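Architecture and fold: a report
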There are 2 protein chains.
Amino acid sequence: MSATTREIRLAARPHGEPTAADFELAETALPEPGPGEVLIRNSYLSVDPYMRGRMRDVKSYIPPFEIGKVMEGGAVGEVVASNDGPFAVGDWVQHMGGWREHALNDGTLAYRVDPALAPVSTALGVLGMPGLTAYAGVTEIAPVKEGETVYVSAAAGAVGSAAGQIARLRGCRVVGSAGSAEKVDWLTGELGFDAAFDYHGADLPATLRELCPDGIDVYFDNVGGDQLDAALARMNVHGRIALCGRIASYNDETLEPGPRNFAAALPRRLTMRGFIVFDHGHLMKPFLAEVGAWVRSGELRYRETILDGIDRMPDAFVGLLSGENVGKMLVRVGPDPS
Amino acid sequence: MSATTREIRLAARPHGEPTAADFELAETALPEPGPGEVLIRNSYLSVDPYMRGRMRDVKSYIPPFEIGKVMEGGAVGEVVASNDGPFAVGDWVQHMGGWREHALNDGTLAYRVDPALAPVSTALGVLGMPGLTAYAGVTEIAPVKEGETVYVSAAAGAVGSAAGQIARLRGCRVVGSAGSAEKVDWLTGELGFDAAFDYHGADLPATLRELCPDGIDVYFDNVGGDQLDAALARMNVHGRIALCGRIASYNDETLEPGPRNFAAALPRRLTMRGFIVFDHGHLMKPFLAEVGAWVRSGELRYRETILDGIDRMPDAFVGLLSGENVGKMLVRVGPDPS
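A few points on the structure. Computed from a predicted model, the values in this text were never measured in an experiment.

Quick notes on the rules
- Residues numbered from 1 in each chain as written.
- Chains lettered and ligands numbered in written order.
- Predicted model: local features only at pLDDT ≥ 70, side-chain atom pairs only at ≥ 80, totals over all residues.
- Heavy atoms only, no water.
- Contact = heavy atoms within 4.5 Å.
- Buried area = accessible area lost by both parts, 1.4 Å probe.
- Salt bridge = Lys/Arg side-chain N within 4 Å of Asp/Glu carboxyl O.
- Polar contact = N/O pair within 3.5 Å; in protein donor to acceptor, adjacent residues only side chain to side chain.
- Phe/Tyr/Trp six-rings, centres within 6.5 Å; stacked < 30°, edge-to-face > 60°.
- Helix = DSSP H or I, 4+ residues; strand = E, 2+ residues; numbered from the N terminus.
- Buried < 20%, exposed > 50% of the residue type's maximum accessible area, 1.4 Å probe, protein only.
- Pairing = 2+ DSSP bridges.
- Axes fitted to C-alpha atoms, helices over the stretch in contact; angles between N-to-C directions.

Quick look at the interface of chain B and chain A
Listed per partner, the contact involves 29 residues of chain B and 29 residues of chain A. Summed over both sides, the interface between chain B and chain A buries roughly 2,600 Å², with carbon and sulfur atoms accounting for 61% of that surface. Connecting chain B to chain A are two salt bridges. With a shortest N-O distance of 2.8 Å, Asp279 of chain B and Arg269 of chain A are connected by a salt bridge. Inspection of the chain B/chain A interface yields twelve residue pairs in polar contact (both at pLDDT 80 or more).

If you want it as structure tokens, here you go:
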């Protein structure tokens, strides 16, 4: 074990699109676990769209990142030392001390991952927070019913690809939007979406009319902006919208007006619900049982876009916000289980 | 019984605010009930904000009014002739054949009203569709819980005044907005609202901060526009918004953008639900039991603004859209029960 480790700190609050200058790669002494703590050597670090919100100095559901402090986030790694801590040396653990090669943990927001069940990286993606987000969205927030049409934006992302497939496996007709021809092919090919399209330059209302001839019953919104507007115009009576993300606006400096078609909510009796996965921890068990089985059987597929080395974290994050990933965006900073 | 009767027809589709020229008062032969029909002599005709939407030539949850045809809407009257119809001569009936002095009915969208229980006019207001709308909103669409803060816009209207009082009687702290000092006094006086304000010229965000120091748990939205925006900014986590009306925009010729604070729905996990009272007929029985008892005991109060004579229907409707009413706006075209 080396005597130093590396971490990424927030150097400046970005204006608009984050750049490398907003981050600082720092070398620091390898910490020793205090009483009740373990030391984790991270193997995979997660970048997620919600982190852009935490880079702003505004009150929200989680506190903002602080300038000069480590960016935190999901990570998975192996316990390499324990001072009477909550996990044993050799355990693989999912925790929130990411954006660094090593992290201390006292059990807070951490749980053991079984490397025998699935690759440990999936604990940050299809079998982790993004997968649970998708599951909560289509089961509790905007429950889908067999035979319904479900539209998913950013459908090739970690959350969207899971949401669309869960809806498909529940008997829905699933339509997705994504940001490249490659992603669209992945959606309609391997993932079994009934239809998909590249939103770049698309006439969104016309495309949704064509691909959702019977209207949209459930819209799983990861994007906001024009896609939400176009979906609203196509929603069926008693339709449901899961407001999961607004990646189209995350780099905006000013508050964008809400959807022009907002008023459709009244005559069509729409339900629009914003949600945060933290509220849905009670679903973790049924989610892991159901989706875990589908992943193992191959009925539900996933991809990961992996960059190597902690110095790539800013690239991974900026790339995520501009849609360079297919599936879950990860940075590998340590070995897989042997 | 005279050989003619009068009715109001749609003369033109209004642009912006409706004017008298958009309506035509016509005299026509008194109809005879056909087999299975009754003839009703109307006593009270209802004007409602939703009627502005029906004056547009657009598909919605109910078909648009047609040029040259009678404006239809809620009415209450006495059965004066029956040709083997669904009601007996002398019955008082609530039905949808309004904007005329006499109407035929075969039982469609009609029900008997008991004049002994409450003034028959209440079948168009506090104990009718507006009251049921309020009840559905605070019980099913945006359920209120004891101790919560409930904000109601257009709180001195037929729906708002009922919604606020139902929430108060369910143990909520209730705040309302209205369009005049007289209405505000009525809200905080007779109706028992905890606070109320005149929205004209008000700094809405500052006013809501002051009057809702613990935030808003439920917003009953009759207005849309700026009030929805200000409420969104003040909503608590897991707040609920019943999207009942958008009277601020009903005369608009162009589609207004949605609320600027729409994005608050995600971090605060808000639920926004549009609704139409037609979906909530199953609540009629509990509504009449609960609210009927409160009206009889005086725990829930109501007012009516009544104009006299069918020729006043256009005035009543235009006045309703500009907030000239306190409580339910009605036109009297016949006698009360003797």
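Moving on from the model shown.
Topic: the packing of aromatic side chains
Counted under the stated rule, the structure contains 17 aromatic pairs over all chains. When the centroid spacing of 5.6 Å and the interplanar angle of 55° are considered together, the rings of Tyr135 of chain B and Phe287 of chain B count as tilted. A residue pair is termed long-range when its members are at least 10 positions apart, and Tyr135 of chain B in helix H2 (residues 129-141) and Phe287 of chain B in helix H7 (residues 284-297) qualify at 152 residues. For Phe287 of chain B, a relative accessible area of 0% gives the class buried. Members of the aromatic cluster, each reached through a chain of ring pairs, are Phe23, Trp99 and Phe317 of chain A.

Focus on the pattern of salt bridges
All told, the structure shown has 31 salt bridges over all chains when counted by the stated rule. Of the charged contacts in the structure, one is a salt bridge between Glu190 of chain A and Arg301 of chain A, with a shortest N-O distance of 3.1 Å. A residue pair is termed long-range when its members are at least 10 positions apart, and Glu190 of chain A in the loop between helix H4 (181-188) and strand E10 (195-198) and Arg301 of chain A in the loop between helix H7 (284-297) and strand E14 (304-308) qualify at 111 residues. Glu190 of chain A gets classed as partly exposed once you look at its relative accessible area, which sits at 34%. Residue classification places Arg301 of chain A among the partly exposed positions, given a relative accessible area of 36%. Each of Glu182, Glu190, Arg301 and Arg303 of chain B takes part in salt bridges that share partners, so that together they form one network.

Considering the sheet that holds strand E12 (residues 235-243) of chain A
Here we have twelve strands laid out as an open sheet, ordered E10(A)-E9(A)-E8(A)-E11(A)-E12(A)-E13(A)-E13(B)-E12(B)-E11(B)-E8(B)-E9(B)-E10(B), and mixed in their pairing. Strands at the two margins of the open sheet, each flanked by one partner only, are E10 of chain A together with strand E10 (195-198) of chain B. Going from strand to strand, the sheet's axes swing by 15° on average, the running direction of each strand aside. Bridge count for strand E9 (residues 173-178) of chain A against E10 of chain A is four bridges, and the pairing is parallel. Bridging from a neighbouring strand, Gly176 of chain A pairs with Ala196 of chain A of E10 of chain A. Seen against the sheet, H4 of chain A touches E9 and E10 of chain A and runs at an angle of roughly 175° to E10 of chain A.

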